[in-house]
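Take a look at the letters that make up each chain.
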Amino acid sequence: MLRTEEMLLNVGPQHPSTHGVFRIVLKIDGEIIREATPVIGYLHRGTEKIAENLQYTQIIPYTDRMDYLAAMTNNYVLCHAVETMVGTEIPERAEYLRVITMELGRVASHLVWWGTFLLDLGATSPFLYAFRDREMIINLLNEISGGRLTFNYMRIGGVKWDAPEGWIEKVKEFIPYMREQLEGYHQLVTGNEIFLSRVKGVGTYKKEEALQYSLSGANLRCTGVKWDLRKNEPYSIYDRFQFDVPVQESGDAWARYQVRFAEIVESLNILEQAVEQIPSSGDILAKVPKIIKAPKGEAFVRIESPRGEIGCYIASDGKKEPYRLKFRRPSFYNLQILPKLLVGENISNLIAILGAIDIVLGEVDG
Amino acid sequence: MAKKLEKEKQEQESADESEKDLAQQKAEAAAKAKAAALAKKEAKAQQEQGSADVSESDLAKQKAAAAAKAKAAAQAKKEAKVQQEQGSADVSESDLAKQKAAAAAKAKAAAKAKSAESTLRKDSQAEEKAAVPSANQHFLDLYIKVIEEHLGKGVLEDYYINTLSKDVPTIVVKKEAYYKVAEFLKYNEQLAFDYLSELHGSDFETHMEVYTHLYSYKKHQSLAFKVKIDREAPMIESLAPLWAGANWPECEAYDLLGIKFKGHPNLHRIMLGEDWIGHPLRKDYEPYDVEV
């Protein structure tokens, strides 16, 4: 009789497939995971504490550094929270610029996810294709905001910069290009037998579990919950666009893959309508006072980021700084289900399951 | 921009003058800066002393006045400097003081007018709000009715529509009934809040608060659910047995605010690590550093 014993295996914090500094302590029996304990906090910068001493506009650059793959939505959630409290009316053109930049960010974020997820699974070329096309989006956003990842583009009441001449046309040209590339992506990966056997039936959970664990975004929609805050609790001008909310029923990594892929297509649809509708000129910043003071009270708003539901809570005592600021970071909530998913899985599935959740550690750690 | 110009001008002028003059000027400037700093400190101390027992509006007024005073002082200083540079070698101290006093008086009057205006605005705002009932009012009424029918009248501390937060129905529950109400919110069929969207704590100095944003995917309704707890020994039941998603957020609240959650499966310092001293998001937090 062979003697067996459980073993502790430490994954991370400096492991490429964790997409940041994230550590999991695994108790394994042979190749089967018996227990998994995530360890987070390596990237905790105390954004919420810092923000208590900053004026609202000064907090915006800090939000860039939470979810650095989709910083536009982070910018927006803070501005949206303050605007909700103050009751600011946003100029038309600013709303459209916000939507265009946010949706470009969503496509870019999903491309990074697509590329790195497949890289985790051992496919190298998708990563190169994804980053090539993402670079075009980054260039577009760079042109309008002056930043490649940390944009600091939005302001309370609008946006900082108007689109440079010809920029909207460039976005218009990008949409059909990206659609064509997506076809190529599908041919390259989606039908691949090896890929399918790595993701089908891996990391499966049901709708009830997803709700129980406060999952959001594609992690929730892969279980059949047709829920997207852009559609169901429309903010900004999302109620003006025709788009679908992609859902899947099976709740495994394969379903999450399909949902995210379809979301890129929907984002392109929104972009297409937005660049058609955007007024050719107009204000980009509402008339707001130089020093913005939120009225006394509290507010919580939530919007749809590429990773799920991102929220911002502000408690104000009427001063120019928030009394308490709190971000509901989707990756932080989504990651909670990981230990449950890993128990009983083969160790080689760890990377696939973690990758399919799509976390950004800057956001997990706040 | 203006400052820069001024500086350049000053530099040009000083270049023409002898070295001795420059040294003297520097010394004078330093002395002036010292005096200004002292005055600032005094003003701050005065303000702090005053703020202890005055109402908030008074505080704002005082602050505005202080700010105006500082501005006026700066102006006076600037003027004095210009005078000095023009050649009138020694401006008597008393002159400066007189100017300062006059400016301060002017600023005070302005601040008074401003505060009067702001209170007026506040009044009109309050009237507007009262006139329009919220679209979510009937939801709140329903929740209150159902809760009071099943759990009795004594469980709620307060309930209102939060107009600042997209009119979300908000209930503040008594801390003894916290878990009972939460459980009821989740399992009652008329409420069915099956999703915990957000949980966090806040330090309001007089008390701690745990804020929970719930959502019902069956009824498509949001609810803000709050509880006020003791600040010195913050302790409350954990919601993790009801919503598994409350697990890490409660750890975070424990880590950053020191709120203990009874019945939590694994309460630990999730962000900072077990050896961290203090809870940073508390308003009285003092960073501890062995090297300092």
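The following paragraphs examine the structure supplied in this document. (Residues numbered from 1 in each chain as written. Chains lettered and ligands numbered in written order. Predicted model: local features only at pLDDT ≥ 70, side-chain atom pairs only at ≥ 80, totals over all residues. Heavy atoms only, no water.)

## Side note on the interface of chain A and chain B
Stated precisely, the cut-off is as follows: Any two residues having at least one pair of non-hydrogen atoms within 4.5 Å are treated as being in contact. Buried area is a sum: the accessible area each of two parts loses on coming together, probed at 1.4 Å, counted once for each and added. Any carboxyl oxygen of Asp or Glu that lies within 4 Å of a side-chain nitrogen of Lys or Arg is treated as forming a salt bridge with it. Under the rule applied, a polar contact is a pair of N or O atoms within 3.5 Å (in protein, one hydrogen donor and one hydrogen acceptor; residues adjacent in sequence only if both atoms are side-chain atoms). Helix and strand assignments come from DSSP, with helices taken as H or I runs of at least 4 residues and strands as E runs of at least 2, each series counted from the N terminus. Amino acid classes used here: Ala, Val, Leu, Ile, Met, Phe, Trp, Tyr, Cys and Pro are nonpolar; Asp, Glu, Lys and Arg are charged; the rest, including Gly, are polar.
The partner chain B presents 48 residues to the 44 residues of chain A that form the contact. Summing both partners gives a buried area of about 3800 Å² for chain A against chain B, and 53% of it is carried by carbon and sulfur. Across the contact surface, chain A and chain B share four salt bridges. Residue E52(A) is joined to K283(B) by a salt bridge in which the shortest nitrogen-to-oxygen separation is 3.1 Å. Scanning the region where chain A abuts chain B turns up 29 residue pairs in polar contact (both at pLDDT 80 or more). The set of elements that each furnish at least two residues to the side of chain A that touches chain B consists of α1 (47–51), α3 (71–86), α8 (207–212), β8 (297–305), β9 (308–316), β10 (324–328), α12 (330–334) and α15 (361–365) of chain A. The dominant element in the side of chain A that touches chain B, judged by the number of residues it contributes, is β8(A), at six residues. Residue composition of the side of chain A that touches chain B, grouped by class: 21 nonpolar, nine polar and 14 charged.

## Here we look at helix α5 (residues 137–151) of chain B
In an α-helix, one turn spans 3.6 residues; hence positions three or four apart end up facing the same way. Residue and element names in this part refer to chain B. We count it as follows: The span expected for a helix works out to 1.5 Å for each residue beyond the first. Buried means the residue's accessible area, taken with a 1.4 Å probe over protein chains only, is under 20% of the maximum for its type, while exposed means over 50%, and partly exposed covers the values in between. When we speak of the arc, we mean the arc of directions from the helix axis to the C-beta atoms.
Across its 15 residues, α5 extends 21 Å between first and last C-alpha, which sits within 8% of the 21 Å expected from 1.5 Å per residue. Listing the buried residues of α5 in full gives L140, Y143, I144, V146 and I147. The buried residues of α5 occupy an angular sector of 165 degrees when projected down its axis, which confines them to one face. Packed against the buried residues of α5 are β1 (156–162), β2 (168–173), α6 (178–187) and β5 (221–229). In the segment just after α5, G152 is the residue with positive phi, at about 90 degrees.

## A word on helix α11 (residues 253–277) of chain A
Look at α11(A): 36 Å from first C-alpha to last across 25 residues, which is about the 36 Å you get at 1.5 Å a residue. By the criterion of burial, α11(A) is predominantly enclosed, with 18 of the 25 residues buried.

## Focus: the packing of α3(A) against helix α4 (residues 92–120) of chain A
Residues and elements named next belong to chain A. Put simply, the rule is: Here an angle of 0 to 180 degrees is reported between the N-to-C directions of two axes, which are lines fitted to C-alpha atoms, with helices fitted over the stretch in contact. Any angle that falls under 35 degrees is termed roughly parallel, while one over 145 is termed roughly antiparallel, one within 65 to 115 roughly perpendicular, and all others oblique.
Contact geometry for α3 and α4: axes closest at 9 Å, N-to-C directions at 140 degrees. Overall, the two elements α3 and α4 adopt an arrangement that is oblique. Contacts between α3 and α4 involve M72, T73, Y76, C79 and E83 from the former and R98, T101, M102 and R106 from the latter. Here the contact of α3 with α4 is built from residues that sort into four nonpolar, two polar and three charged.

## Focus: the side chain of T73(A)
All names here are of chain A. If you trace the backbone, T73 turns up in helix α3. Accessibility expressed as a relative area gives 1% for T73, which makes it buried. When sequence neighbours within four positions are dropped, the list of residues in contact with T73 reads M102, R106, I303, E304, S305 and P306.

## Quick look at a nonpolar patch on the surface
Applied cut-off: Surface patches are defined over residues having more than 30% relative accessible area and no salt bridge, joining like charges when they lie within 9 Å and nonpolar side chains (Val, Leu, Ile, Met, Phe, Trp, Tyr) when within 5 Å. For the area figures, the Shrake-Rupley method with a 1.4 Å probe applies, and any residue is considered shielded solely by the protein chains shown.
A surface patch of nonpolar side chains, amounting to about 350 Å² of accessible area, comprises I277(B), Y288(B) and V290(B). Along the chain, the position of Y288(B) falls in the segment after β7 (260–262).

## Some words on the packing of aromatic side chains
All names here are of chain A. To be explicit about the condition: Here is the rule: rings of Phe, Tyr and Trp (six-membered ring for Trp) pair when centre to centre is within 6.5 Å. Planes less than 30 degrees apart are stacked, more than 60 are edge-to-face, and the remainder are tilted.
All told, the structure shown has 26 aromatic pairs over all chains when counted by the stated rule. Judged by centre distance (5.7 Å) and plane angle (35 degrees), the rings of Y76 and Y235 are tilted. Of this pair, Y76 sits in helix α3 while Y235 is found in the loop between α10 (229–232) and α11, placing the two residues 159 residues apart along the sequence. Take Y76 and Y235: they sit in the same class, and that class is buried. Ring centres of F332 and Y333 lie 5.8 Å apart, and the angle between their planes is 85 degrees; on these two criteria the pair is classed as edge-to-face. As far as the burial class goes, F332 and Y333 line up, both buried. One aromatic cluster in this structure is built from W113, W114, F117, Y185, F195, W254, Y257 and F261.

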